[in-house]
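Remarks on the overall topology
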Amino acid sequence: MATSPHTPALRASERGRFARPALLAVVTALAFLLGAAACEWMLYVTAREVLRQTIDEELLATGRLAAARLDVAAHARLVREDQLNDPDYVAVVAPFRELLSALPHIRYIYTARQSPEGVRFAVDAALPVDSDGDGVIDQAGLGEIYEDPDPAVLESFSSDEQTLSSEPYTDKWGTFMSSFTPVRDAAGRIECVVGVDSDASVYLGRIAQMRRALGVGLVGALVGSALVGTGVFLFQRSRLRAVRVLQLNEARFRGFFDHGMAGMAILAPTGHWLEVNEALCELVGYTREQLRGLTPGAITHADDRTREDEAVAAVTRGDHDGYSMEKRFVRRDGTVVHADLSVRCVRSDDGSIDHFVAVAVDTTQSKHAKEVILAALRQSEASLRVISQVAAAPALAGGQVEELARLVTEQAALATDIERVSVWMFEQDGAIARCIDLYEHPAARHTAGAVLKRADFENEFAAFKTSRYVDAHDALTDPRTRGYVEPYLRPRGITSLLDVIIRTSGRDLGILCFERVGRPHHWEPREISFGCQLADQIGIAILNREQHQATLELMRARDEAQAASRAKSEFLAVMSHEIRTPMNGVIGFANLLADTTLDTTQLKFVGTIKSSAEALLHVINDILDFSKIEAGHVEIDHEPFNARDVMAAAVAVLQPRADEKKLSLALDWGDEVPRRWVGDQDRLRQVVLNLAGNAIKYTRQGAVLVRILPDSGGFARISIVDTGIGIAPEAQSRLFNKFTQADSSMTRRFGGTGLGLAISRQLVELMGGRIGLESEPGRGSTFWFTHPLPAVEPALEAPAAPVEADSAAAPGAAGRHRVLLADDTEVNQVLIVEMLRRAGIRVDVVADGAEAVRRATAHAYDLILMDCQMPVMDGFAATEAIRAHEATPAGGGRHTPIVALTADVQAATAERCRAAGMDDFLTKPVRSQGLREALRRWLPAAAGAPPAGPSPA
Ligand code: ADP
């Protein structure tokens, strides 16, 4: 903008002049009009005068000419009316007539005399004709009275001077202007007056013409004045507008300059202040008057002076028209303000600098704000880093709260610059808080162990009820921290405090504490959020610790349970051994006894011993089975087998009992049911024997049918149908519970433990099937269960062994075989030796594992029967030693089959046997059938079997 505040303001009068362009235009137009009209009028008047003068002079000259040519003597003689044709008349008239013909605008020339009657015409040059046709002769008669003569005629007579008519006059001959010239005779008397009449129409015509010209001129002046007025109006208006714009701009600049937020100054090229505004004065802290005595350089920060001087020099040289820079002013009080300075120069027409305009904006605040934001950003970044570092710390996942607390306090203090950061945990139901870690920032020191009583910070606890944190900007006066100002805060110089509660699942566990020493600190929301996040992380670590502890507890409980279970298993194994071994002896010897020569009574007694022992063994087996199932020790095989053969064998086993009761027992195998199943044939057999055994037991007459049909969903349904006593509906639902019988009185009638169905149910379910019954008291029962069928019928490795009755075994001769029996129980030794002896096999017997090893390494046995539990060295260790020997050159690379004898048939034991190097195992009490099969397997040439004697079960 070219206008500067020190441009002289427009004067009021000047502004007034431009105020009303319309008025000025009207006034100018009128002035113009009046001037033009006056000029035209004067021109007209002058022209008219000149014209009149010319005509008058011409009239006077013509008059003088006519008078000069008048023959006065002859004229004097013409005194009568009849002298018109006198030679005198002619002589007098002739020169007049010449004049008339020479001067066409002269209409009449005549003479007149003064008489007592008035003025009379004498000679008239006009012809005696009626030229204009008005019936009157143009020529005046001699002596004719001059009616109503022009006063100039009379004046001419009296003054003896030439006169002129004052105005054109009109008579019956027209409008004329006349001159009258007195003519004297020789005596000097006035003879007559010569009148010359000029036709005034020409004159009047010219006058009229001049008037028209005047009118036209006035109209022109009018139009001209209108144009001038309009021009003036438009010009004035545009000028006025320009002036107004100028005024507005000036006002704006003034307002901007005077009231602007930015500091502004006008400076002379010499650098002196011409004008400064209030804002600049405020910016630099000087009054206008004080500034006047200072150069801009004097209030510029020393470090910025050179820079600014160079910029000014560049402008002065004309390199630029201005410069902008960030600079610092030193205020009067010595403080420094930052400003954005912008300077522009305004040049004169000749290019020299007229003045500078400088604008300075205070940026101290924004610079400060920028620094604050940057600091906040840096802190946020640091906080984020700490949070992610803590989140990734193994101590958090591992629940090592103390270690995490050390990390949190140190990192938080370093990230925030807060002097003291600590973690406190509540103890004794929150009655005290114990510091688990305090990090003091400047000293870089960790401490722990301080204790605070809750009673001292009750107020803070009240605050925690509604808020997660207490942000005491001024902790010394904050009501929330009142309790511990004296005992805690003041001695440590703590002024501000931010406490965040560590809270998980609604439990208050502790406090994360930030303490500022020195100047009080206003806690920012971001700091509070940072504290809350860290407190959350500590809470998570505490939860993790609790979880770890719980897991450890669980693991301990599990280990204990496992140990208990192992003890139970051990107990079961021992019990199996301890109970079955004597039972084995009882049954085996009863059988052996029965084979000796006995009388009838003895035979009966032996039979009773045998059946009682078998019943007892049955009960024991049931209890052991059930215990094992309960303890989860039963494992179900998944081997292919011929299910039909298994069923047939079970039926065959029960046949004698059915026969005894005269019941028909039959197996009905549905054609559609595949024979090859996958599962545990022993368990399947056990269930069928149990259910079919019950059917026979609870049926007095009729039949028992074992029927196998396909069931839906890829199952076979095995139904055991009897025509027995049936079961009352109310009893049906609980029959599968252990120790339950339909009728307790029946126990005595029929015997039994009430475990059979419970075992069956568990085995069926373990095999993947279901079990149930339908029954009607007095009409019979149907017990059924399902067993999964294989999707594809599996191939069997070998056809199932032919079903044989126990008693069907025939002794074979295999005397060349030599077997070593290692068993510490005498009963077993005798029983097994007897069985083998009957099969014609030589047996060596030892009572402990060490002896067994000694024997086995000294002799080549075809088979070793090895009891597992023995004194000195157990069967497993002995087997390992034998296998080790066999692997030596002395062993000769042979492999003696070793069959374990064990009362414990659990899978774990079987696995242990195999691991020790055993090839097979036999369950104690050893039965002749089992022994026979083992011999067949391991002494192939000895296809013989022990005699039928000991055949329990
Ligand atoms: P136990 O036969 O050893 O008593 P079980 O569990 O095998 O135990 O049988 C439980 C009870 O179910 C028997 O005592 C008997 O009352 C009843 N029961 C089982 N099978 C039949 C059956 N086929 N007919 C009638 N009652 C039966």
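Everything numeric in this text was worked out from a predicted model, so none of it was measured.

The buried count for strand E18 (residues 507–517) comes to eight of 11 residues, which makes it a mostly enclosed element. Strand direction decides the pairing type here: strand E17 (residues 494–504) and E18, joined by 10 bridges, are antiparallel. Following the sheet pairing, Ile501 is matched in E18 by Ile511. Between E17 and E18, which pair antiparallel in sequence order, lie two residues; one of them, Ser505, sits at a positive phi of approximately 45°.

Let's shift gears to unusual backbone geometry. One non-glycine residue, Asp417, lies in the positive phi region at around 70°. Note on placement: Asp417 falls in the loop between helix H12 (401–416) and strand E12 (420–427). In the Ramachandran plot, Ala444 falls in the positive-phi region, its phi being about 50° despite a non-glycine side chain. Topologically, Ala444 is positioned in the loop between strand E13 (432–440) and strand E14 (445–447).

Moving on, we come to helix H23 (residues 849–858). Inspection of H23 places Gly849, Ala852, Val853 and Ala856 among the buried residues, and these make up the whole buried set. Taken around the axis of H23, the buried residues stretch over an arc of 100°, which confines them to a single face. Looking at the buried side of H23, the elements it contacts are strand E26 (818–822), strand E27 (842–846), strand E28 (863–867) and helix H24 (875–887). Here H23 starts with a cap whose side-chain oxygen sits 2.9 Å from the backbone nitrogen of Ala850, and that cap is Asp848.

Attention shifts here to the sheet that holds strand E25 (residues 780–788). Reading across the sheet, the five strands line up as E20-E22-E23-E25-E24 and stay open at both edges, with mixed pairing between neighbours. This sheet does not close on itself; its edge strands, each paired only once, are strand E20 (664–669) and strand E24 (771–776). The mean inter-strand angle of the sheet, taken between neighbouring strand axes irrespective of direction, is 15°. As defined by bridge partners, strand E22 (residues 703–711) adjoins strand E23 (residues 715–722) across eight bridges and the pair is classed as antiparallel. Residue pairing for E23: Leu709 is matched across the bridge by Arg717. The sheet contacts of helix H17 (residues 643–660) involve E20, E22 and E23, and relative to E20 the element is tilted by about 175°.

Moving on, we get to the sheet that holds strand E30 (residues 920–923). Across the sheet, five strands lie side by side as E27-E26-E28-E29-E30; this open sheet has parallel pairing. Two strands bound the open sheet, and with one partner strand each, they are E27 and E30. Taking the axes of each pair of neighbouring strands and ignoring which way they run, one obtains an average angle of 20° across the sheet. Bridge count for strand E29 (residues 898–902) against E30 is four bridges, and the pairing is parallel. Paired with Leu901 across the strands is Leu922, a residue of E30. Its contacts with the sheet put helix H22 (residues 826–838) on E26, E27, E28 and E29, and the angle it makes with E27 is roughly 165°.

A few words now on the packing of aromatic side chains. Any aromatic ring pair is given by two values, namely how distant the centres are and how the planes are angled relative to each other. Scanning the model with the defined rule gives 16 aromatic pairs in all. Between Phe641 and Trp677, the ring centres sit 6.4 Å apart and the planes meet at 70°, which makes this aromatic pair edge-to-face. Of the two residues, Phe641 is situated in strand E19 (residues 639–642) and Trp677 in strand E21 (residues 676–679); the sequence distance between them amounts to 36 residues. Like Phe641, the residue Trp677 is buried in the burial classification. Positioned above the aromatic ring of Trp784, the side-chain terminus of Arg717 is 4.0 Å from the ring centre.

What follows deals with the pattern of salt bridges. Close approach of charged atoms lets side chains of opposite charge pair. Counting across every chain of the model gives 48 salt bridges. Arg420 serves as the salt-bridge partner of Glu440, at 3.3 Å between the closest nitrogen and oxygen. Pair noted here: Glu440 is in strand E13 and Arg420 is in strand E12, with a separation of 20 residues, a long-range link. For Glu440, a relative accessible area of 15% gives the class buried. On the basis of relative accessible area, Arg420 is assigned to the buried category, the value being 7%. Of the charged contacts in the structure, one is a salt bridge between Arg480 and Asp471, with a shortest N-O distance of 3.4 Å. Since its relative accessible area comes to 16%, Asp471 is described here as buried. A single salt-bridge network, built from bridges that share partners, covers Arg818, Asp844, Glu851, Arg854 and Arg855.

Here we come to a nonpolar patch on the surface. A contiguous nonpolar patch, built from Val219, Val223 and Leu227 and spanning about 290 Å² of accessible area, is present on the exposed surface. Locating Val219 in the fold gives a position in helix H6 (residues 200–259).

By the element assignment, Asn584 lies in helix H15 (residues 525–595). For Asn584, a relative accessible area of 2% translates into the label buried. Sequence separation between Asn584 and Leu820 is 236 residues, and the spatial gap between their C-alpha atoms is 20 Å. The residues contacting Asn584, other than those within four sequence positions of it, are Phe589, Asn828, Leu831, Pro925 and Val926.

Relative to each other, helix H18 (residues 681–697) and helix H21 (residues 756–766) sit at 145°, their axes nearing to 10 Å. Like other packed secondary-structure pairs, H18 and H21 cross with a definite hand, here left-handed. Mapping the contact onto sequence places Arg683, Gln686, Val687, Asn690, Leu691 and Asn694 in H18 and Gly756, Leu757, Ile759, Ser760, Leu763 and Val764 in H21. For the contact of H18 with H21, the residue count by class is six nonpolar, five polar and one charged.

Turning to its location among the elements, Arg113 is positioned in strand E1 (residues 106–115). Residue class for Arg113 comes out buried when judged on its relative accessible area of 19%. Here the side chain of Arg113 touches His75 through a polar contact of 2.4 Å, landing on its backbone oxygen. In this structure the side chain of Arg113 is engaged in a polar contact, spanning 3.0 Å, whose partner is the side chain of Glu191. In this structure Arg113 touches His75, Ala76, Leu78, Gly118, Val119, Arg120, Ala122, Phe157, Glu191 and Cys192, once residues within four positions along its chain are discounted.

How each quantity is defined
- Per chain, residues are indexed from 1 in the order of the written sequence.
- For this predicted model, a pLDDT threshold of at least 70 governs which residues receive local features, and a threshold of 80 or more governs which side-chain atom pairs are given and counted, while totals over whole chains, interfaces and linings are taken from all residues.
- With hydrogens and water stripped out, all remaining heavy atoms of the structure feed into the side-chain values.
- Accessible area is worked out with a 1.4 Å probe on protein chains only. A residue is then buried under 20% of its type maximum, exposed over 50%, and partly exposed in between.
- The secondary structure listing takes helices from DSSP runs of H or I that are at least 4 residues long and strands from runs of E that are at least 2 residues long, numbered from the N terminus.
- Any two strands with at least two DSSP bridges between them are considered paired.
- Think of the arc as the fan of directions from the helix axis to the C-beta atoms.
- Throughout, a residue-residue contact means that at least one pair of heavy atoms, one from each residue, lies within 4.5 Å.
- Any N or O atom pair separated by 3.5 Å or less is treated as a polar contact, with the protein-specific requirement of one donor-capable and one acceptor-capable atom, and with residues adjacent in sequence counted only for side-chain atom pairs.
- For helices, the fitted line uses only the C-alpha atoms of the stretch in contact; every axis is such a line through C-alpha atoms, and the angle between N-to-C directions lies from 0 to 180 degrees.
- Two rings from Phe, Tyr or Trp (for Trp, the six-membered ring) form a pair when their centres sit within 6.5 Å of each other. Planes less than 30 degrees apart are called stacked, planes more than 60 degrees apart edge-to-face, and all others tilted.
- By definition, being over a ring means that NZ of Lys or CZ of Arg is both within 6 Å of the ring centre and within 35 degrees of the ring normal.
- For salt bridges, the criterion is a side-chain nitrogen of Lys or Arg within 4 Å of an Asp or Glu carboxyl oxygen.
- Patch definition: residues with relative accessible area over 30% and no salt bridge; like charges joined within 9 Å; nonpolar side chains (Val, Leu, Ile, Met, Phe, Trp, Tyr) joined within 5 Å.
- We get accessible surface area from the Shrake-Rupley algorithm with a probe of 1.4 Å; when it comes to residues, only the shown protein chains can shield them.
- The hand of a helix crossing depends on one turn: near helix anticlockwise from the far one by less than a right angle means left-handed, and clockwise means right-handed.
- Just so you know the grouping, Ala, Val, Leu, Ile, Met, Phe, Trp, Tyr, Cys and Pro go in nonpolar, Asp, Glu, Lys and Arg go in charged, and all remaining residues, Gly too, go in polar.

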